[in-house]
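If you want the building blocks of each chain, they are given just below.
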Amino acid sequence: MMKMENEMNVNVPLEVIKASEIEPKEVKWLWYPYIPFGKVTLLQGDPGDGKSKLMLSIAALLSKGEALPFTDEETEPMTVIYQTTEDDADDTVVPRFNSAGGNGENLIFIKEDEKSLSFGDNRIAEAIEKYHARLLILDPMSSYIGENCSMNNANETRAEFNHLIAVAKNTGCAIVIIAHMNKMRDTNPLYRTNGSIDIAGAARSILAITRTPNKEVPAERYMVQVKSNLAPTGSAILFEVAEKGVDFISEMEMTAEEAFQSLAPKMGRPSDKEIKATDFILEMLKDGEMLSSDCEERLEAAGFKKSTIKKAKKKAGVISRKRGFLWYWSLPMGDIPRE
């Protein structure tokens, strides 16, 4: 015991480095601004929300060198490593990947027959380097964080993540961890991550998937960015979970908080101004989409404050979609007033 204490108190020579001596590096992106190369990204959602299908659709595009959703940057075909304990490769993962049009030569799996993988397993770095993988997907987090690690213990989870963070940094590979969210539905999306808050702290980007309030199309989902350390927060993405994978529909002007609140029970009684602003929006958009700038201008000209417009927009179920460089407002089909 005395020896351990002495080792902990060994004097280490002081060394410092000046900022002027550090060469700044530009962040490289697999999918800007959602998934950076050389970093760990967390993708979370409730069971059945399409997390795995989303990542397999992304993997399929990368395997062919095709541009990712809402980008126009095609690349060389990339190797993707996909590890999962929730679905079998032969009857679920590979059929889904093939349905999404992926190139099976560029999707590989590390065999776990003799020993299960964990964040600190040296086979991860070895596989990335040997096969020049540019994306590693671990699904779900709870299966790979380590059997002796308590996800609620900050010290243990940080130590496990440090292994993976080092692998991402040393290889330049983008690492995406798929995780289930906790049941704290009334809290900030950042705190919906299962386990210690250090898990959310370790990821440079956190993405979340949630269902939309559009009951006409129950397969619709929002992908929102909950955390973005390396770039401005990205637009929300509206997509639909389909038999063959995922159909990407549009970018949307929506925060993670707004996406999750759209499913929450509506509490309190709206003010008269809010009701009038909501009716104004419904009437204004009944014939189809309009430029968001024109909508806001009309509402302000009618005497509505920005705070009232924001609440009324949410109450009316307005969908904001980006076309080119412009944003448009529209109503869900089921909410358009009928004559």
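Residues numbered from 1 in each chain as written. Predicted model: local features only at pLDDT ≥ 70, side-chain atom pairs only at ≥ 80, totals over all residues. Heavy atoms only, no water.

*Asks:* Would you take a moment to explain helix α3 (residues 89-99) for this structure?
*Replies:* Within an α-helix, residues lying three or four positions from one another point in the same direction, as the helix has 3.6 residues per turn. All buried positions along α3 are accounted for by T92, V93 and F97. One face of α3 carries all of its buried residues, which in axial projection span an arc of 110°. One or two positions beyond α3, positive phi appears at G101, with a value near 85°. (Buried < 20%, exposed > 50% of the residue type's maximum accessible area, 1.4 Å probe, protein only. Helix = DSSP H or I, 4+ residues; strand = E, 2+ residues; numbered from the N terminus. Arc of directions from axis to C-beta.)

*Asks:* Which parts of the structure should I look at to understand the packing of helix α2 (residues 51-64) against α3?
*Replies:* To describe two helices that pack against each other, one gives the angle between their axes and the distance between the axes. Two elements in contact, α2 and α3, have axes separated by 9 Å at closest approach and are oriented at 55°. In this view, α2 runs oblique relative to α3, as classed from their interaxial angle. At the point where α2 passes α3, the crossing takes the right-handed sense. For the pair α2 and α3, contact is made by S52, K53, L56, A59, A60 and S63 and by V93, R96 and F97, respectively. The residue inventory of the contact of α2 with α3, partitioned by class, reads five nonpolar, two polar and two charged. (Axes fitted to C-alpha atoms, helices over the stretch in contact; angles between N-to-C directions. Parallel < 35°, antiparallel > 145°, perpendicular 65-115°, else oblique. Left-handed = near helix turned anticlockwise from the far one by under 90°. Contact = heavy atoms within 4.5 Å. Nonpolar A, V, L, I, M, F, W, Y, C, P; charged D, E, K, R; others polar.)

*Asks:* So what exactly am I meant to see when it comes to the environment of E112 here?
*Replies:* You can see E112 is positioned in the loop between β5 (107-108) and α4 (122-130). Remark: the alpha-carbon pair of E112 and T85, spanning 27 residues in sequence, is separated by 9.7 Å. Setting aside anything within four residues of it in sequence, one finds E112 in contact with Q83, L117 and Y144. There is a polar contact of 2.9 Å between the side chain of E112 and the side chain of Q83. Looking at E112, its side chain comes within polar contact range of the main-chain nitrogen of L117, at 2.9 Å. (Polar contact = N/O pair within 3.5 Å; in protein donor to acceptor, adjacent residues only side chain to side chain.)

*Asks:* Any chance you could explain the pairing of strand β4 (residues 79-84) here in plain terms?
*Replies:* Within a regular beta strand, the side chains point alternately toward one face of the sheet and then the other, so they alternate between its two faces. Across the six residues of β4, six count as buried, placing the element largely inside the fold. Alternating positions in β4 separate into two faces, T79, I81 and Q83 on one and V80, Y82 and T84 on the other, with burial throughout. Where β4 lies against strand β6 (residues 133-139), six bridges are found, and the strand directions are parallel. Bridging across to β6, I81 finds its partner in L136. In this view, the connection linking β4 to its parallel neighbour β5 by way of α3 has right-handed handedness. (Pairing = 2+ DSSP bridges. Right-handed = clockwise from strand over helix to strand, strands pointing away.)

*Asks:* Before we go on, may I ask you to explain the side chain of S57 in this structure?
*Replies:* By the element assignment, S57 lies in helix α2. At 3.2 Å, the side chain of S57 and the backbone nitrogen of V246 are in polar contact. Not counting residues within four places of it along the chain, the set of residues in contact with S57 comprises A100, G245 and V246.

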